[in-house]
There are 2 protein chains.
Amino acid sequence: MKTLSIGIAGLGTVAQGVLALVAANRALIEQRSGVSVNVVRVASRRVKPEVDLCGADFSTDVMDLLADSRVDVIVELIGGETLAKELIVGALEQGKAVVTANKAVIALHGNELSRQRLRFEAAVAGAIPIIQALQHGLVANQFSALSGIINGTCNYMLSAMENEGVDFDAILARAQALGYAEADPTFDVDGIDAAHKLTILMALAFDTDFEFDKVYVEGIRALTPIDISYAAELGYRIKHLGILRSSPDGIEARVHPTLVPHSELMAHVNGVLNAVQVVSDAAGKTLFSGPGAGGAATASAVVADIVETALNPQQPIADRNSSAAMTVRPIEDISSAYYLRIPTRDEPGVFAEVTQILSSHNINIDAVIQKDSHPQGGSVDIVILTEDTQEAQMNKALSQLEALATVTGPVMRIRVAPQD
Amino acid sequence: MKTLSIGIAGLGTVAQGVLALVAANRALIEQRSGVSVNVVRVASRRVKPEVDLCGADFSTDVMDLLADSRVDVIVELIGGETLAKELIVGALEQGKAVVTANKAVIALHGNELSRQRLRFEAAVAGAIPIIQALQHGLVANQFSALSGIINGTCNYMLSAMENEGVDFDAILARAQALGYAEADPTFDVDGIDAAHKLTILMALAFDTDFEFDKVYVEGIRALTPIDISYAAELGYRIKHLGILRSSPDGIEARVHPTLVPHSELMAHVNGVLNAVQVVSDAAGKTLFSGPGAGGAATASAVVADIVETALNPQQPIADRNSSAAMTVRPIEDISSAYYLRIPTRDEPGVFAEVTQILSSHNINIDAVIQKDSHPQGGSVDIVILTEDTQEAQMNKALSQLEALATVTGPVMRIRVAPQD
């Protein structure tokens, strides 16, 4: 039996989940893995006398974990960037292993951290063992594309908007009341959290640096129930996806609302669930879904990483390709099919004007919805699904469309999921 | 860099997939895992001069692999039971590690094999790293239920029956023509292959012996497009599932056609895909899907196991619970909701007779479909969805129903997926 002494930094939901899980399933974990996990110290600024520390010592200074020579593995669950990074760097320098659930610190500072003794399964997609899948279960595969629903808040809100036909603001208020969204929801609904996770997946799947600032990011604030309903009519569900694709021209790394065809399993991942789909040369298309957040679910991934730390103390660190060889492509370069909702005056000839502009940019139309005019306004939506076209071309077409006198407002543009 | 010398027994589709994958992705595998895989000998009764052996020696006797002292890992891909078992036993006795894709030999003879150096990820659900998930990614979890689409042939056939409304025999002929079903389809369509895989999942998830003969098995031969269509009307898709559930009374282990609600991700796993859903105490409900068969997809799992053999040479072998503590429950003991299609004469009072029999066995009705009578026959289907009831009670009720003069044929009974 290998024995690991761990020190936990933080005493929030996830840390409490780890303490509870290690206590509840100790025998099971030992039996399955041959690894015994002992929590020797917990450190948190805030004392929480109601939490059972399972006999561990307690400190209010997380740096005490570095000083405790018994600690083999530091489990960083304090969140944030500055102190967390300081703790991780200190631990790695001392030769301690580190397990963290902190996506921001890895996505933003991962390049400065030695990765041989650092694990962060819990930072991406909660309970889903996606990093293990990439590094072990699918180890023999070259990956060509990954895509994922990696923010449960967005997915909950989109599912609710679809099921109930209510708008963004109403659902946001409810998500906040239910604890699925923060008081300041920016991180989730503007796609930053998803971009952090996508940055991590990109580094692992395509062996790049952590390049958060090269990920294209769009959130879900602009989406309306009418778009969700038009998309359904066309055979799609709108999901907030992180998308990675590799080609000889470089890597696409983008987070945005996406039309996913009903025929894809990803379209049926609803509510707070997360899912990651991996396209690879031997294994083909695999998909992994599960809870992306929550104390117990995240703790499941943290404890799995702790056990792996004992089984495989030294991770091989890939010789990373130079960034020149693996350029992240600007969004203007990508090709995609697009959903366009164009609000127009209900007048003869408008449809011809619209299609003429698209045609002049070599944008082909795949499907169209044109509804009867709103009785009150004399305004009508033209909804178009295009074939694949380059984003730069689409941007030019949109500028011209929005300059038309008969187009009454901004065009809603949503990318369609690539066919991988 | 750890180096492993492997010997491959067999030269069929999967073996060729392994050779091709190791050759194509050698550098990638080394970079990610720190493990170098060298094929030193391939043994197969049939010489296939068209296959590139990547410089490996060739034998026509698979037992030559035991005699080759260079071989660290024997990869058993010959299938069947007798010779495969002999080879595996011999290898383990010599201290060689074994990787196999052979579900039958593990499900039927696994109890006689030492498991410390034996791996069989490829034996269950092809490319999906489900065994790794159970043993590593979800290592901290107590599992309460697993269910899965673990036979791609059945899933292909059911999807095609639904999409095209054609019957079992027509789809079977096409599946055979496409190579999705064998000339003798018994193994797949009667559920035996799925039961082998479920036996393996049961042993791993619930720490039992391999108890193939205790798994309840029903295939898909009796299913008709009309049942698929009624199920859809009730909000369900019919899938051929393997189901495991643990309770204080023992383990349920059963393979049969199952109504899965459209709200479940599992209902949307279509075509030849496989999927396994795991319900556990910390991670909640996770689902893993992907190709369940095929040379390259299976090779992905085989090579992953080879790499794990280098990383973790000795697997901890659980002290298995006594079979008394983990009884597999007989099918008569389980509780389930049921779909019943009862062919009846189109006469007044028939529905009352039917419901009276169900009621006399305390079987409550959840939903009913009663269609207009067929113009030609004067016969009508009564379709009933029941609430949970014990299988033994249901059997009694079915006997009485089928004895009614107004019931014109056997009652079709399909279990509904448990709500886990």
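**With respect to the packing of helix H13 (residues 350–360) of chain B against helix H14 (residues 391–403) of chain B**
Two quantities define a packed helix pair, namely the angle between the axes and the distance from one axis to the other. Residue and element names in this part refer to chain B. As a packed pair, H13 and H14 sit with axes 9 Å apart at the nearest point and diverge in direction by 155 degrees. Classified by the interaxial angle, the pair formed by H13 and H14 is roughly antiparallel. As for how H13 packs across H14, the hand of that crossing is right-handed. Contacts from Val354, Ile357 and Leu358 of H13 reach H14 at Ala397, Gln400 and Leu401. When its residues are assigned to classes, the contact of H13 with H14 shows five nonpolar, one polar and no charged.

**Details of the relation of the copies chain B and chain A**
Aligned on chain A, chain B shows an RMSD of 0.0 Å; the corresponding rotation is 180 degrees and the shift along the axis is 0.0 Å. Expressed as a symmetry operation, the mapping of one chain copy onto the other fits a two-fold axis. The C-alpha atom lying nearest the rotation axis in chain B is that of Phe288(B); the distance is 2.3 Å. Mapped onto chain A, 100% of the interface residues of chain B again fall at the interface, so both copies present the same surface.

**A look at helix H1 (residues 13–24) of chain A**
Under the 1.5 Å per step criterion, the end-to-end length of H1(A) is 16 Å for 12 residues, consistent within 8% with the ideal 16 Å. Where H1(A) is buried, its residues meet strand S1 (2–9), helix H2 (26–33), strand S2 (35–43), strand S4 (73–76) and helix H12 (295–311) of chain A.

**As for the interface of chain B and chain A**
Listed per partner, the contact involves 47 residues of chain B and 47 residues of chain A. Secondary structure elements with two or more residues in the side of chain B that touches chain A: helix H2 (26–33), helix H6 (130–137), strand S12 (284–291) and helix H12 (295–311) of chain B. Broken down by element, the residue count for the side of chain B that touches chain A peaks at nine residues, all from H12(B). Grouping the amino acids of the side of chain B that touches chain A by side-chain chemistry returns 26 nonpolar, 17 polar and four charged.

**Focus: the sheet that holds strand S5 (residues 97–100) of chain A**
All names here are of chain A. Judged by pairing direction, the sheet is parallel, and its six strands sit side by side in the order S3-S2-S1-S4-S5-S6 without closing on themselves. Of all strands in the sheet, those bounded by a partner on one side alone are strand S3 (57–59) and strand S6 (118–119). Examined bridge by bridge, S2 and S3 share three bridges and lie parallel to one another. Its bridge partner lying in S3, Arg41 is registered against Asp57.

**Observations concerning the environment of Asp64(B)**
All names here are of chain B. Structurally, Asp64 is set in helix H3 (residues 64–67). Distance from Asp64 to Val42, taken between C-alpha atoms, is 9.2 Å for residues 22 residues apart in sequence. Here Asp64 is in contact with Arg41, Ala43 and Ser59, once residues within four sequence places are set aside.

**Here we look at the domain arrangement of chain A**
Note: interface size is frequently given as the accessible area lost on complex formation between the parts. Residues and elements named next belong to chain A. Domain parsing of chain A yields domain 1 (2–123), domain 2 (130–291) and domain 3 (335–416). The C-alpha-based centres of domain 2 and domain 3 are spaced at 26 Å. Those elements giving two or more residues to the side of domain 2 that touches domain 3 turn out to be helix H11 (225–233) and strand S10 (250–261). The class makeup of the residues in the side of domain 2 that touches domain 3 is seven nonpolar, two polar and two charged.

**What about H12(A)?**
With 17 residues, H12(A) should cover 24 Å at 1.5 Å per step; its first-to-last C-alpha distance of 24 Å lies within 8% of that length. Within H12(A), 14 of the 17 residues are buried, leaving the element largely enclosed by the surrounding structure.

**Details of unusual backbone geometry**
Unlike most non-glycine residues, Asp207(B) shows phi in positive territory, near 60 degrees. With a phi angle near 60 degrees, Asn362(B) is a residue other than glycine that sits in the positive phi range.

**Structural notes on the sheet that holds strand S3 (residues 57–59) of chain B**
All names here are of chain B. On the basis of which strands lie adjacent, the open sheet formed by six strands has the order S3-S2-S1-S4-S5-S6 and parallel pairing. Taken across any chain shown, the strands that pair with only one partner, and hence form the sheet edges, are S3 and strand S6 (118–119). Strand direction decides the pairing type here: strand S1 (residues 2–9) and strand S4 (residues 73–76), joined by four bridges, are parallel. Pairing of Ala9 across the sheet is with Glu76, part of S4.

**Details of the packing of helix H7 (residues 152–164) of chain A against helix H8 (residues 168–178) of chain A**
Residues and elements named next belong to chain A. The interhelical angle for the contact between H7 and H8, taken along N-to-C directions, is 125 degrees, at an axis separation of 10 Å. As far as their axial angle goes, H8 and H7 are oblique. Where H7 crosses over H8, the handedness of that crossing is right-handed. Contact with H7, carried on its side by Thr153, Tyr156, Met157, Ala160 and Met161, involves Phe168, Ile171, Leu172 and Ala175 of H8 and no other residues of that element. Considering only residue class, the contact of H7 with H8 consists of eight nonpolar, one polar and no charged.

**Topic: the pairing of strand S7 (residues 143–149) of chain B**
For a regular strand, the rule is simple: side chains alternate between the two faces of the sheet. Residue and element names in this part refer to chain B. The buried fraction of S7 amounts to five of the seven residues, a majority that puts the element mostly inside the structure. Pairing analysis gives six bridges linking S7 to strand S11 (residues 273–280), with the strands arranged antiparallel. Within S11, the residue paired with Ala145 across the bridge is Val279. With four bridges joining them, S7 and strand S9 (residues 236–247) adopt antiparallel strand pairing. Looking across to S9, one finds that Ala145 is bridged to Arg245.

**Quick look at the environment of Ile78(A)**
Residue and element names in this part refer to chain A. In this structure, Ile78 sits in the loop between S4 and helix H4 (82–93). A tally of 22 C-beta atoms within 10 Å means that Ile78 is categorised as buried. Spatially, the C-alpha atoms of Ile78 and Asn362 are 51 Å apart, while their sequence positions differ by 284 residues. When neighbours within four sequence positions are excluded, Ile78 is seen to be in contact with Ala9, Gly10, Val62, Leu83 and Ala84.

Cut-offs and rules
Residues numbered from 1 in each chain as written. Chains lettered and ligands numbered in written order. Predicted model: local features only at pLDDT ≥ 70, side-chain atom pairs only at ≥ 80, totals over all residues. Axes fitted to C-alpha atoms, helices over the stretch in contact; angles between N-to-C directions. Helix = DSSP H or I, 4+ residues; strand = E, 2+ residues; numbered from the N terminus. Parallel < 35°, antiparallel > 145°, perpendicular 65-115°, else oblique. Left-handed = near helix turned anticlockwise from the far one by under 90°. Contact = placed C-beta atoms within 7 Å. Nonpolar A, V, L, I, M, F, W, Y, C, P; charged D, E, K, R; others polar. Least-squares fit on C-alpha atoms with pLDDT ≥ 70 in both. Expected span 1.5 Å × (residues − 1). Pairing = 2+ DSSP bridges. Domains from an automatic or database assignment. Buried ≥ 20, exposed ≤ 12 C-beta atoms within 10 Å, placed from the backbone.

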